[in-house]
Amino acid sequence: MPTATSTRKRTHRRQASSDIEEDGPSQSRNDEQVEVDEDDSRTRRRANGVKNEKKSVVAAKQELTRDDDDDEEDDDDDDRIDVDNFSDQPLGKNDVNKLLGYSRDWAGFADQVRPNWNVVGDVAVVLADSEGGGIEKGLAELDRLMKDLIDIGAEMQAHEKVLDILAQKIAQGEVVENFVQQYNDDVEERKNKYESLTTRQKYLKSEEYASFRNNIHEVQYPDTAIPPLTEFIPKGRDANPPTEDGDDSDDDDDLEMGGVSQNYNCPITLTLLDDPVTSDVCKHSFSKAAILQSFRGNEPVKCPAAGCTKRFTRANLKPNKDLVKRVKAYERRARRAAENDDAEEIID
């Protein structure tokens with residue numbers, strides 16, 4: 001029994017020793033866990049510190065950006081022009097070419113628009129050559145339209161001339177203050193001056209209007225010379241509507257136009273014009289093949305038209321599309337007249 005008792009005690013101590021051994025690793029693991037937790041805590045603190053530093057850097061950059069924007073806004077405020085109180089600055093000689101360019105633009109607009117005026121004349125010719133009622137009323141409306149187009153051309157010319165004059169003044173060293181105002185005032189003055197002209201003074205010297213009336217007359221009264229253009233615009237109170245009183249001061253020598261019948265024969269072949277070309281020197285027209293045979297190289301030749309002493313070169317001959325249309329219309333009228341004569345002979 002004593003021996004058994006002793007054995008149990010040793011067993012108890014052994015058990016205690018075993019427990020101690022088992023407790024040792026557990027305590028070590030706890031210590032290690034504490035160290036890991038402390039490391040994690042330190043890592044998190046460092047990470048939070050880095051994040052806070054990054055946030056501080058970003059905030060600082062944003063603040064700097066706002067400061068830069070404020071500075072730029074301040075600079076913009078300094079550079080901003082007070083439009084309400086900003087006056088036109090005088091133009092210098094280095095602006096002359098620019099002004100002349102604007103003037104050429106106005107001239108170019110006019111050159112592009114003017115050929116389209118022929119459409120009005122073409123419509124008038126067709127209307128005059130037709131049969132039925134309302135012809136005279138339609139021709140009167142086309143007459144007003146042609147005059148309106150001539151008025152628009154005069155306004156374009158006013159812009160062109162004013163720019164030319166102002167450019168010349170600046171080129172000569174003259175100071176032109178408030179250029180835009182000066183330009184507008186000068187254009188308005190020219191427009192008012194044009195509006196003060198009488199109807200005769202506006203249109204009787206216009207080549208476009210003269211051609212318009214001549215083409216209509218040729219259709220209505222073939223082989224009859226067109227009367228002076230003053231017949232189409234009575235002056236003073238005899239006009240409908242009445243024209244301006246200034247008509248009494250018109251120079252009849254300058255305004256009398258007409259009295260010439262159109263001849264569609266070539267001065268060289270004496271036959272109807274074929275593929276007509278017109279000299280821009282003397283305005284005489286010829287069949288293209290016939291006049292080209294007159295040249296020897298590039299030397300100028302004397303105009304073959306009777307009584308003309310002008311000389312011109314090949315380069316002076318220009319195709320005349322308007323004349324081509326009129327020749328064809330003349331041919332149609334001639335054929336129609338011949339058919340009517342044949343019909344009358346058969347009836348007789």
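Quantities reported herein were computed from a predicted structural model and do not represent experimental measurements.

*Asks:* Explain the overall build of the chain here, please?
*Replies:* Across its full length, the chain carries 10 helices and five strands. Residues classed as buried in the chain amount to 27% of the 348 residues present. Once local pairs closer than 6 in sequence are excluded, the contacts in the chain between residues at least 24 apart make up 64%. For the chain, the accessible surface area stands at approximately 24,300 Å², while carbon and sulfur atoms represent 48% of it.

*Asks:* What am I meant to see in unusual backbone geometry here?
*Replies:* Glycine aside, residues mostly have negative phi angles, and peptide bonds mostly take the trans form. Its identity as a non-glycine residue notwithstanding, Asn178 has a phi of 50 degrees, on the positive side. The residue Asn178 is located in the loop between α4 (135–171) and α5 (179–195) in this model. Phi at Lys283 takes a positive value of approximately 70 degrees, unusual for a residue other than glycine. Structurally, the position occupied by Lys283 is in the loop between β1 (276–279) and β2 (285–287).

*Asks:* Where do I start with the pattern of salt bridges in this structure?
*Replies:* As a working rule, side chains carrying opposite charge can pair if their charged atoms are close by. Evaluation of the coordinates by the stated rule reveals eight salt bridges. A salt bridge links Arg114 to Glu208; the nearest nitrogen and oxygen atoms lie 3.3 Å apart. Of this pair, Arg114 sits in the loop between α2 (96–113) and α3 (118–128) while Glu208 is found in helix α7 (residues 207–220), placing the two residues 94 residues apart along the sequence. Given a relative accessible area of 26%, Glu208 falls into the partly exposed group. Among the ionic pairs, Lys202 bridges to Glu195, the shortest N-O distance being 3.7 Å.

*Asks:* What exactly am I supposed to notice about the packing of aromatic side chains here?
*Replies:* Aromatic ring pairs are reported here in terms of the distance separating the ring centres and the angle at which the planes meet. Using the criterion set out here, one finds seven aromatic pairs in the structure. With centroids separated by 6.2 Å and ring planes inclined at 40 degrees, the aromatic side chains of Tyr203 and Tyr209 adopt a geometry described as tilted. Side by side, Tyr203 and Tyr209 carry an identical accessibility label, which is buried. Members of the aromatic cluster, connected to one another through ring pairs, are Tyr203, Tyr209 and Phe212.

*Asks:* What is the right way to read the side chain of Ser279 from this model?
*Replies:* Positionally, Ser279 belongs in strand β1. Taking relative accessible area as the criterion, Ser279 reaches 0% and is therefore assigned buried. At a separation of 3.1 Å, a polar atom in the side chain of Ser279 contacts the main-chain amide nitrogen of Val281. A polar contact is formed between the side chain of Ser279 and the backbone nitrogen of Cys282, at a distance of 3.4 Å. Setting aside its immediate chain neighbours within four residues, Ser279 contacts His284, Phe312, Asn316 and Leu317.

*Asks:* I keep staring at the sheet that holds β1 and nothing clicks. Help me out?
*Replies:* Backbone hydrogen bonds are what pair the strands of a sheet, in a parallel or an antiparallel way. One open sheet accounts for three strands, arranged β2-β1-β5; its pairing is antiparallel. The open sheet has two edge strands with one neighbour each: β2 and β5 (317–319). Ignoring which end each strand starts from, the neighbouring axes of this sheet average 40 degrees apart.

*Asks:* Hey, could you run me through the environment of Glu189 in this one?
*Replies:* Its location among the elements puts Glu189 in helix α5. For Glu189, a relative accessible area of 55% corresponds to the exposed category. For Glu189 and Ala158, which are 31 residues apart along the polypeptide, the C-alpha to C-alpha distance reads 9.1 Å.

*Asks:* Could you clarify how one ought to interpret the nonpolar core in this entry?
*Replies:* The nonpolar side chains of a soluble globular protein tend to be buried, and buried together. Core analysis: the biggest nonpolar cluster contains 23 residues, and Met146, Ile150, Tyr209 and Phe212 have the highest contact counts within it. Sorting elements by how many residues they give to this core places α4 first, with seven residues. Beyond its immediate chain neighbours, meaning those up to four positions away, Phe212 contacts Val120, Gly121, Ala124, Leu142, Asp143 and Met146. Core analysis: the second largest hydrophobic core is formed by 17 residues, Cys266, Cys282, Ala290 and Ile291 among them.

*Asks:* Got a minute to help me understand α2 in this structure?
*Replies:* For an α-helix, the turn length of 3.6 residues means that residues three or four places apart are oriented alike. Compared with an ideal rise of 1.5 Å per residue, which puts 18 residues at 26 Å, α2 spans 26 Å between its outermost C-alpha atoms and is within 8% of the ideal. Looking only at α2, the buried set comprises Val96, Leu99, Gly101, Ser103, Ala107 and Ala110.

*Asks:* In this structure, what is going on with the packing of α3 against α4? I would like to understand it.
*Replies:* Packed helix pairs are specified by the crossing angle of their axes together with the interaxial distance, meaning the distance between the axes. Running from amino to carboxyl end, α3 crosses α4 at an angle of 170 degrees, the nearest separation of the two axes being 10 Å. Our classification of the angle between α3 and α4 gives roughly antiparallel. Residues Val120, Gly121, Val123, Ala124, Leu127 and Ala128 of α3 lie in contact with α4, whose contacting residues are Ile135, Gly138, Leu139, Leu142, Leu145, Met146 and Leu149. Its residues placed into classes, the contact of α3 with α4 shows 11 nonpolar, two polar and no charged.

*Asks:* Sorry, what's going on with the confidence of the model for the chain here?
*Replies:* Parts of the model with low pLDDT should not have their predicted coordinates read in detail. Residues of the chain with pLDDT of at least 70 account for 64%, and the chain-wide mean is 76. Note that residues 1–25 has pLDDT below 50 and, in this model, zero contacts with residues that lie over four places away or in other chains. Note on residues 249–259: pLDDT under 50 across the span, and 25 contacts to partners over four residues away in sequence or across chains.

Calculation notes
Residues numbered from 1 in each chain as written. Predicted model: local features only at pLDDT ≥ 70, side-chain atom pairs only at ≥ 80, totals over all residues. Heavy atoms only, no water. Helix = DSSP H or I, 4+ residues; strand = E, 2+ residues; numbered from the N terminus. Buried < 20%, exposed > 50% of the residue type's maximum accessible area, 1.4 Å probe, protein only. Contact = heavy atoms within 4.5 Å. Areas by Shrake-Rupley, 256 points an atom, 1.4 Å probe, with all protein chains shown as cover. Salt bridge = Lys/Arg side-chain N within 4 Å of Asp/Glu carboxyl O. Phe/Tyr/Trp six-rings, centres within 6.5 Å; stacked < 30°, edge-to-face > 60°. Polar contact = N/O pair within 3.5 Å; in protein donor to acceptor, adjacent residues only side chain to side chain. Pairing = 2+ DSSP bridges. Axes fitted to C-alpha atoms, helices over the stretch in contact; angles between N-to-C directions. Core = buried A, V, L, I, M, F, W, Y, C linked by side-chain atoms within 4.5 Å. Expected span 1.5 Å × (residues − 1). Parallel < 35°, antiparallel > 145°, perpendicular 65-115°, else oblique. Nonpolar A, V, L, I, M, F, W, Y, C, P; charged D, E, K, R; others polar. pLDDT = per-residue confidence, 0-100.

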